[in-house]
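Summary of structural features
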Amino acid sequence: TRYFVDHRKVRVVGGQGGGGGHSFYSEPRKIFGGPDGGNGGDGGHVILKADQQMKSLASVLPFYQGFRGERGGSKNCYGANGAYVYVKVPVGTLVKEDGKVVADLTQHGEEYVAAYGGAGGKGNRFFLSNENRAPTLFTPGEPGQERVLHLELKTTAHAGLVGFPNAGKSSLLRAISRAKPAVAAYPFTTLNPHVGIVHYQDYEQIAVADIPGLIKGAHQNRGLGMAFLRHIERCHFLLYVVDLSVSQPWIQLQDLKYELEQYKKGLSERPCVVIGNKIDLAQSRINLPLLKEQIDDRVIALSALTGDNLEELLLHLRELYDAYVKTEQSRGQSPVKW
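Residues numbered from 1 in each chain as written. Predicted model: local features only at pLDDT ≥ 70, side-chain atom pairs only at ≥ 80, totals over all residues. Heavy atoms only, no water.

Applicable threshold: UniProt positions are given in the numbering used here, feature names are shortened, and annotations may be inferred rather than shown by experiment.
The name an unreviewed UniProt entry gives the protein chain is Mitochondrial ribosome-associated GTPase 2, with Spizaetus tyrannus as the organism. Of the protein chain, the UniProt comment under Subcellular location (unreviewed entry) reads exactly: "Mitochondrion inner membrane".

Brief notes about the overall build of the protein chain
For clarity, the threshold we go by: Only runs of H or I of at least four residues qualify as helices and only runs of E of at least two qualify as strands under DSSP, and these elements are numbered from the N terminus. Residue exposure (1.4 Å probe, protein chains only): buried if accessible area is under 20% of the type maximum, exposed if over 50%, otherwise partly exposed. Values of accessible area rely on a 1.4 Å probe in the Shrake-Rupley scheme; residue burial ignores everything except the protein chains shown.
Of the regular secondary structure elements, the protein chain holds five helices and 14 strands. Per-residue burial for the protein chain yields a buried fraction of 49% across its 338 residues. When the accessible surface of the protein chain is summed, it comes to about 17400 Å², and 51% of that surface belongs to carbon and sulfur atoms.

Describing the environment of glutamate 146
We apply this condition: Here, residues are in contact when the closest pair of their heavy atoms is within 4.5 Å. Side-chain atoms alone can form a polar contact between residues adjacent in sequence; in general such a contact is a pair of N or O atoms within 3.5 Å, and within protein one must be able to donate a hydrogen while the other accepts it.
With respect to the helices and strands, glutamate 146 occurs in strand β8 (residues 146-153). Once the C-alpha coordinates of glutamate 146 and valine 13 are considered, the two residues, 133 residues apart in sequence, prove to be 4.4 Å apart. With sequence-adjacent residues up to four places away left out, glutamate 146 is seen in contact with Arg11, Val12 and Val13. In terms of polar contacts, glutamate 146 uses its side chain to reach the side chain of arginine 11, at 2.8 Å.

What to know about the pattern of salt bridges
How we decide: When a carboxyl oxygen of Asp or Glu is within 4 Å of a side-chain nitrogen of Lys or Arg, the pair counts as a salt bridge.
Counted under the stated rule, the structure contains 11 salt bridges. Here aspartate 202 and arginine 318 are joined by a salt bridge, their closest N and O atoms 2.8 Å apart. Residue aspartate 202 is located in the loop between β10 (194-199) and β11 (205-210), and its partner arginine 318 is located in helix α5 (residues 310-330); the two are separated by 116 residues in the primary sequence. Note on aspartate 202: relative accessible area 45%, which makes it partly exposed. Given a relative accessible area of 16%, arginine 318 falls into the buried group. Across the pair lysine 257 and aspartate 297 runs a salt bridge whose closest N-O atoms are separated by 2.7 Å. Of this pair, lysine 257 sits in helix α3 (residues 250-263) while aspartate 297 sits in the loop between α4 (282-294) and β14 (299-301), and the two are 40 residues apart along the sequence. With relative accessibility at 25%, the residue aspartate 297 sits in the partly exposed group. Salt bridges sharing partners connect three or more residues here, namely Asp202, Arg318 and Asp322.

Describing unusual backbone geometry
Positioned with a positive phi, lysine 75 is a non-glycine residue whose angle comes to about 60°. Here lysine 75 lies in the loop between β3 (63-65) and β4 (85-90). We note that lysine 278 has phi near 70°; this positive angle belongs to a residue other than glycine. Its location among the elements puts lysine 278 in the loop between β13 (272-277) and α4.

Some thoughts on the nonpolar core
Using the following cut-off: Here, the term nonpolar core denotes a set of buried Ala, Val, Leu, Ile, Met, Phe, Trp, Tyr and Cys residues that are joined through side-chain atoms within 4.5 Å.
By size, the foremost hydrophobic cluster in this structure holds 27 residues, and its most contacted members are Ile232, Leu238, Tyr240, Leu260, Leu291 and Ile295. Elements represented by at least two residues in this core include exactly β11, α2 (226-233), β12 (237-243), α3, β13, α4 and β14. Ranked by residue count, the leading element in this core is α3, at four residues. Other than its neighbours up to four places away in sequence, isoleucine 295 contacts Trp250, Leu253 and Val274. Leu172, Val208, Leu302 and Leu320 belong to the second-largest nonpolar core, a separate cluster that totals 26 residues.

Right under this line is the structure:
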């Protein structure tokens, strides 16, 4: 089993440049033909490339090195450049060096040169001059660039399911998509984000991320904390899942919005809908009108367990997605597609 991995430390080294050639041209009737050692080839780069098919950093290795350039040859032949090493990473990968963001790969096919290859050495032909007609000097290839990078994945799903542990987020994701996150009656069943795809009849696909349960103080890294708040950052609209069976469910919503706002200003103001889960329980039916009185956001009451009223959620989810697509197109940007 390949587990979901959302951060990796990677050491990258560019390829060594090839050494310069050292030779003199000679043939039967031309003894002093002069120097003809060619330059060495450049070392290959290590390049990070965003790929839509990749969903996790699990396949990224801890070390990559570019290929070495070839040595310069006689008859002024240049050495071949070393081949590039491409490292596929998921769309939404953040590249950091010494705590600073150096690249943000948000589009499919976007590339970032993580380590440049070394320059090839000069052959003795390069040092030919009027003062020195038979140079024996040639230079070795330069070493490639060496860096230690931290890769951090921020899931680029369209919608994020946000809620406290045991609110029923994983059950809801199982009900509306083919994703199969673990479901159990204890807190923090979900330890890694899961992404489920909701399919529509016109072949449009909406990605919904199940973010592991937040707790009070998550913005201070309590519980699973920061590790999963970063996945909410890239979601374009939010689905707040509250447990209707507990007393005063609107307090859950206030706490969730507070945690998001403390983590990143403006995060709680994104387009959203409040999902009142567990409507199949008697206490939930009593709490539903009270919740609607307390909040201004739209409330969709449903049961992930029995499937009651899932249709309303799917229709509203499509409305939020269409609004997002229209907004992105009006800005001249292409919306994220799955």
